[in-house]
Amino acid sequence: MEYKKKGKISVSMMCEDLVHLKEDILLFEKMGIEYLHIDVMDGKFVPNYGLGTDYIRGLRELTNIPLDLHLMIESPEEKLKWFHIQPTDLVTLHYESTPHIQRALEKAKQYGCKVNLAINPGTPICFVEELLDDIDGVTMLTVNPGFAGQKIVKNSFEKMKKLNQYLEKRGYQDMEVEVDGNVSFENAEKLHSLGATIFVAGTSSVFKDDRELRHNIFKLRESIS
Ligand code: DX5
Ligand code: ZN
């Protein structure tokens, strides 16, 4: 399959060392990081708690880098108003997080932002079928969400290939396809060659070696160009 386009980087803020937050944000701005990935977790939809509304408010005061709000919470449609969503943001909702996913996506879209549908490793690709016109992209989880530092689920490469064929066949080949979970330099390169366009960068890439962020960002850029 052909390389789609130059990939975008979404830096995973759950992996950020708060001691260095300010200086790192400046570096991300300088290096043209496209998104800051915010894992919002409610301890119900996923077995962990994650970044909350106060953190997000603080982050917005520090930077204009668009936020990639990955909402791993139950009934997200009832909570969208808590996040002061901006038109430049990307909001990602999970297929299984509400019985009314179409309504939830439509509601998120009303903020003028980009909206992605997230599918877990066990969620079949065909579940996106009826929602293709409600979304700007698909976020394919390459680990079961909730924790950083996990190993990629093996069938992720095959699934990415299938997902892109699936989208192409239906005329949605220009959709963004985000990958989240163990996106190492090597995995990023492979996933990019199979059609991924946005790469969540956590402990497997940008935060891999102790404080080598600049070097790691260059290296990740190289893998997805
Ligand atoms: C899950 C999270 C993690 C993590 C990515 O939603 O987004 O996948 O931050 O970083 P890794 O997997 O590289 O530690
Ligand atoms: Zn995430």
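So, here is what we can say about the structure in this document. Values in this document were obtained by computation on a predicted structure and should not be read as measured data. (Residues numbered from 1 in each chain as written. Chains lettered and ligands numbered in written order. Predicted model: local features only at pLDDT ≥ 70, side-chain atom pairs only at ≥ 80, totals over all residues. Heavy atoms only, no water.)

1. Topic: the overall build of the chain
Along the backbone of the chain there are six helices and eight strands. Put simply, the chain runs from its N terminus to its C terminus through helices and strands in the order β-α-β-α-β-β-α-β-β-α-β-α-β-α. Relative to a compact globule of 225 residues, whose C-alpha radius of gyration would be 17 Å, the chain shows 16 Å and is just as compact. If you line up the chain on its principal axes, its C-alpha atoms span 45 × 40 × 30 Å. Within the span of the chain, comprising 225 residues, buried residues form 56% of the whole. Here the analysis covers contacts within the chain between residues at least 6 apart in sequence; of these, 64% occur between residues at least 24 apart. (Helix = DSSP H or I, 4+ residues; strand = E, 2+ residues; numbered from the N terminus. Rg over C-alpha atoms; globule rule 2.2 N^0.38 Å. Buried < 20%, exposed > 50% of the residue type's maximum accessible area, 1.4 Å probe, protein only. Contact = heavy atoms within 4.5 Å.)

2. Some details on the pairing of strand 2 (residues 35–41)
Burial of strand 2 is extensive: seven of the seven residues sit out of reach of the surface. Burial of strand 2 is two-sided: the residues Tyr35, His37, Asp39 and Met41 facing one way and the residues Leu36, Ile38 and Val40 facing the other way are all buried. Summarising the sheet, strand 1 (residues 8–12) and strand 2 pair through three bridges and their orientation is parallel. Paired with Ser10 across the bridge in strand 2 is Tyr35. Following the backbone out of strand 1, through helix 1 (residues 21–30) and into the adjacent parallel strand 2, one traces a crossover that is right-handed. With six bridges joining them, strand 2 and strand 3 (residues 67–72) adopt parallel strand pairing. If you follow Met41 over to strand 3, its bridge partner there is Met72. (Pairing = 2+ DSSP bridges. Right-handed = clockwise from strand over helix to strand, strands pointing away.)

3. Re a negative patch on the surface
A cluster of acidic residues, Asp17, Asp209, Asp210 and Glu212, forms a negative patch on the protein surface. You can see Asp17 is positioned in the loop between strand 1 and helix 1. Residue Asp17 is classed as partly exposed on the basis of its relative accessible area of 35%. (Patch = residues over 30% accessible without salt bridge, like charges linked within 9 Å, V, L, I, M, F, W, Y side chains within 5 Å. Areas by Shrake-Rupley, 256 points an atom, 1.4 Å probe, with all protein chains shown as cover. Salt bridge = Lys/Arg side-chain N within 4 Å of Asp/Glu carboxyl O. Lys, Arg positive; Asp, Glu negative; His and termini not counted. Charge placed at Lys NZ, Arg CZ, Asp CG, Glu CD.)

4. Topic: the coordination of the zinc ion (ligand 2)
Six octahedral donors around a metal ideally make angles of 90 or 180 degrees; four tetrahedral donors ideally make 109.5 degrees. Of the protein atoms, only His37 (NE2), Asp39 (OD), His70 (ND1) and Asp180 (OD) coordinate the zinc ion (ligand 2), at distances of 2.1 to 2.2 Å. Around the zinc ion (ligand 2) sit six donor atoms, and with donor-metal-donor angles ranging over 63 to 164° the site reads as irregular. Site description for the zinc ion (ligand 2): donor spacing in sequence, H-x1-D-x30-H-x109-D. Here His70 lies in strand 3 and Asp39 lies in strand 2, a separation of 31 residues in the sequence. Of the two residues, Asp39 and His70, both sit in the buried class. (Donors = N, O, S within 2.8 Å, 3.2 Å for Na, K, Ca; no water. Tetrahedral: all angles 85-135°; square planar, octahedral: opposite > 155°, others 65-115°.)

5. Focus on empty space enclosed by the protein
Taken as a whole and judged by the stated rule, the model has two cavities of 30 Å³ or more. Put simply, the largest cavity is a space of about 230 Å³. Along its surface, the largest cavity is lined by 24 residues, and Val143, Phe147, Ala148, Asp180 and Gly181 are the ones closest to its centre. For the lining of the largest cavity, the secondary-structure elements that each account for two or more residues are strand 2 and strand 3. For the lining of the largest cavity, a count of residues per class yields 11 nonpolar, 11 polar and two charged. Space inside the second largest cavity adds up to approximately 40 Å³. As for the second largest cavity, its lining consists of Tyr35, Leu90, Lys114, Asn116, Asp136, Glu176 and Ile198. Partitioning the lining of the second largest cavity into residue classes produces three nonpolar, one polar and three charged. (1 Å grid on protein atoms, 1.4 Å probe; cavity = no way out; pocket = protein on both sides within 12 Å on 5 of 7 lines; lining within 4 Å. Points joined across faces, edges and corners; volume = space filled by probe spheres on them. Nonpolar A, V, L, I, M, F, W, Y, C, P; charged D, E, K, R; others polar.)

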